[in-house]
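Take a look at the letters that make up each chain.
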Amino acid sequence: AADAAMYHAKTLGKNNVQFYSTELSRVVHQHWLLEANLSRAIRNREMVLGYQPKVDLRTGRVVGAEALVRWHSPERGVVGPDKFIPIAEQTGLIVPLGDWVIGEACATLRSLATLGVVDFVISVNLSARQLRQRHFVEHLATTLREHSIAPNALELEVTESQLMDNPAAALEALAQLKALGVRLSIDDFGTGYSSLSYLQKFPVDVIKIDRSFLGDVASEGDAVIARAIIALGHNLKLEVIAEGVETREQLAFLQDHECDQMQGYYFSPALPQDRLSSMVCNDVRMVV
Ligand code: C2E
Ligand code: MG
Ligand code: MG
Ligand code: MG
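Conventions adopted
- Residues numbered from 1 in each chain as written.
- Chains lettered and ligands numbered in written order.
- Predicted model: local features only at pLDDT ≥ 70, side-chain atom pairs only at ≥ 80, totals over all residues.
- Heavy atoms only, no water.
- Donors = N, O, S within 2.8 Å, 3.2 Å for Na, K, Ca; no water.
- Helix = DSSP H or I, 4+ residues; strand = E, 2+ residues; numbered from the N terminus.
- Near = heavy atom within 4 Å.
- Polar contact = N/O pair within 3.5 Å; in protein donor to acceptor, adjacent residues only side chain to side chain.
- Areas by Shrake-Rupley, 256 points an atom, 1.4 Å probe, with all protein chains shown as cover.
- Nonpolar A, V, L, I, M, F, W, Y, C, P; charged D, E, K, R; others polar.
- Core = buried A, V, L, I, M, F, W, Y, C linked by side-chain atoms within 4.5 Å.
- Buried < 20%, exposed > 50% of the residue type's maximum accessible area, 1.4 Å probe, protein only.
- Contact = heavy atoms within 4.5 Å.
- Phe/Tyr/Trp six-rings, centres within 6.5 Å; stacked < 30°, edge-to-face > 60°.
- Lys NZ or Arg CZ within 6 Å of the ring centre and 35° of its normal.
- Pairing = 2+ DSSP bridges.

The protein goes by EAL domain-containing protein in an unreviewed UniProt entry, where it is assigned to Pseudoduganella chitinolytica.

Laid out in structure tokens, this is it:
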């Protein structure tokens, strides 16, 4: 909380001491409240994973899903990750929360396998702070083994901006994860100022085009960037997935430019685990 308060304090006006101290204590207090509630929420199992289907653009089949965490708070209702992940990152609570997310995703993969679903990939979002944990890779290997999950059924998404924060450290961490055999993807691609030389060195399998570049693919401005990202990914022998696909026009554009997969409200939002399972078991397809 102290770190966060310092951060907020630095962003506040420096000449008004009165305002500064009042604002500072308010921020500290709010932060402390949320932090206390968040650690209780993890213990009380108030966190829930939704699974957003990922669709193969050639066949229309659901080939994977992204796990997205929500907080079902008794006081606040459903709270989205944008509200609490940043605080979990600042306080370190992201480590137990992230472990829970990975365990839960592995349990879902196991339950799908039991239903006869193979070749299905679940991705989870990872914070840089988790990557920096000393025994993260060993711990992950243990979790995969405990659930009898093939490493390549799990994909780890890290945002481009978090990778580029310390690219040398990220490269080392990604290399260890790749050696374990999990799939790796760069999330929100195009928003984080990648150095192209690093992009080529990162041992990733997938890049995810940030949804801001699909806004209006009918306009040349957005289309030119989306096309360039697809071409860049394919030239680097990576799979390219588009996120935030909402319209028939965006879908057609992505198919025309041979993007590999899509996810977005056009097909489905994140679903509870049982609804994902029945969708996959019934081989529900997107009309392509
Ligand atoms: P993200 O990984 O880029 O996830 C995509 C976000 O876009 C999700 O928001 C998803 O619900 C939303 N989305 C999907 N399709 C559409 C669409 O067609 N239109 C629009 N407008 N939005 C769409 P959500 O679930 O609120 O997650 C926000 C962010 O929170 C995620 O962005 C991810 O960075 C982070 N996050 C979620 N779960 C976790 C987690 O378990 N761990 C960590 N470290 N971060 C997480
Ligand atoms: Mg993601
Ligand atoms: Mg994203
Ligand atoms: Mg995001």
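Caption draft 1: Quick peek at the coordination of the magnesium ion (ligand 2). Protein coordination at the magnesium ion (ligand 2): the donors are Glu 66 (OE), Asn 125 (OD1), Glu 157 (OE) and Asp 187 (OD), at 2.0 to 2.2 Å from the metal. Separating the magnesium ion (ligand 2) and the magnesium ion (ligand 3) is a distance of 4.2 Å, and Asp 187 donates to both of them. With Asn 125 in strand S4 (residues 121–125) and Glu 157 in strand S5 (residues 154–159), the pair connects residues that are 32 residues apart, well separated along the chain.

Caption draft 2: Representation of the site of ligand 1. With respect to spatial proximity, 22 residues lie near ligand 1, and among them Arg 70, Asn 125, Asp 187, Glu 246 and Tyr 265 are the closest. Take Asp 188: an N or O atom from its side chain is 3.1 Å from an oxygen atom of ligand 1. Contact distances for ligand 1 include 3.3 Å between a nitrogen atom and a side-chain N or O atom of Arg 211. Relative to its unbound accessible area of 800 Å², ligand 1 is 85% covered by the protein chains. Put simply, the parts of the chain that give the shell around ligand 1 at least two residues each are strand S2 (62–73), helix H3 (81–91), helix H4 (94–114) and strand S6 (183–189). Among the elements that take part in the shell around ligand 1, S2 stands out by supplying four residues, more than any other. Partitioned by chemical class, the residues of the shell around ligand 1 number eight nonpolar, five polar and nine charged.

Caption draft 3: Representation of the nonpolar core in the model. In terms of nonpolar packing, the biggest core is built from 80 residues, with Met 47, Phe 120, Leu 140, Leu 154, Leu 156, Leu 177 and Leu 254 touching the most fellow members. Take this core: its biggest share by element is nine residues, from H4. Among residues more than four places away in sequence, those in contact with Leu 156 are Val 124, Leu 126, Leu 140, Leu 177, Val 182, Arg 183, Leu 184 and Ser 185.

Caption draft 4: Region of the structure containing the packing of aromatic side chains. Applying the stated rule across the entire model yields two aromatic pairs. When the centroid spacing of 6.0 Å and the interplanar angle of 90° are considered together, the rings of Trp 71 and Phe 84 count as edge-to-face. Here the residue Trp 71 occupies a position in strand S2, and Phe 84 occupies one in helix H3, the gap between them amounting to 13 residues. Relative accessible area serves as the criterion here: at 1%, Trp 71 is assigned to the buried category. The positively charged end of Lys 201 is found above the aromatic ring belonging to Tyr 198, 5.0 Å away from the centroid.

Caption draft 5: Region of interest: the pairing of strand S1 (residues 47–56). Most of S1 sits inside the fold, with nine of its ten residues counted as buried. Linking S1 to S2, which pair antiparallel, is a turn of five residues; within it Gly 60 sits at a positive phi near 80°.

Caption draft 6: A look at the side chain of Asp 56. Relative to the elements of secondary structure, Asp 56 occurs in strand S1. If we ignore the near neighbours within four places in the chain, the residues touching Asp 56 are Arg 61, Val 63, Asp 260 and Gln 261.

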